[in-house]
Amino acid sequence: SRAAITALKINWVVRNLLVPKVEAKFPELKNKGYNLAHCTGIDVSQVLVVRAGIHKSNALVWIGRPPNVAAKLSGIRDAPYNTFISHSVFGSLAEDAKLSGDSKTLMWEERVWKAMPSVSKVYRSSWTCHP
C-alpha cells in the first residue's frame, strides 16, 4: 500500500512540479513535441538479494519476479496512466490505496497484460496524490 500511494505521489510531483518547470526552462523541447513522461511499476513476492563482484567493486543483484515485473511495468508508456501494479499488489492494497477519499472511487483499472506469462492481469492508474 505504501508503494502504491508513493507512486501516486510521484505522479503528482511529475505532473504538477517537474513538467511545468522543465517546460518553462526549455520551451523549445515542448515546441518540438518532447513530453516529459514517467511510469512506476510495482510487484510483490519473494526476492533474493546478493552482493556480487570483486572487492571494492561490487553491486547488489536482485533475483526474483518482482524486480523484473516492476521494470517491465515501468517501461509502459500509456499516458495518462503512469502507475501500474500487478494483480498480487492490488490484492494486498489497503482501502486507502485502492479508493479515493470520501467518494470511495476506485483509483485502479484492471487490464489484461501479455508481456509476461507469469502475470496476466495488472492494474493501471492515472490518479495522483498530493505529497
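Residues numbered from 1 in each chain as written. Predicted model: local features only at pLDDT ≥ 70, side-chain atom pairs only at ≥ 80, totals over all residues. Heavy atoms only, no water.

1. With respect to the layout of surface pockets
Condition: The distinction between a cavity and a pocket rests on a 1 Å grid over the protein atoms alone: a 1.4 Å probe fits inside a cavity but cannot get out, while a pocket stays open yet meets protein on both sides within 12 Å along at least five of seven lines, and a residue with an atom within 4 Å of a point counts as lining. Grid points are joined across faces, edges and corners, and a volume is the space filled by probe spheres set on the points. Residues were grouped as follows: Ala, Val, Leu, Ile, Met, Phe, Trp, Tyr, Cys and Pro as nonpolar; Asp, Glu, Lys and Arg as charged; and all remaining residues, including Gly, as polar.
Approximately 180 Å³ is the volume attributed to the largest pocket. For the largest pocket, the lining is made up of 15 residues, of which L36, A37, H38, A79 and N82 are closest to its centre. For the lining of the largest pocket, the class distribution of residues is nine nonpolar, three polar and three charged.

2. What to know about empty space enclosed by the protein
Our working rule: We count a stretch as a helix when DSSP gives it H or I for four or more residues in a row; a strand needs E for two or more, and each element gets its number in order from the N terminus.
The final tally for this structure, using the stated rule, is one cavity of 30 Å³ or more. Estimated volume of the largest cavity: approximately 40 Å³. V22, E23, F26, L29, K30, Y34, N35 and L36 are the residues that line the largest cavity. Going through the elements one at a time, α1 (2–25) and α2 (27–31) are the ones with two or more residues in the lining of the largest cavity. Here the residues of the lining of the largest cavity are counted per class, giving five nonpolar, one polar and two charged.

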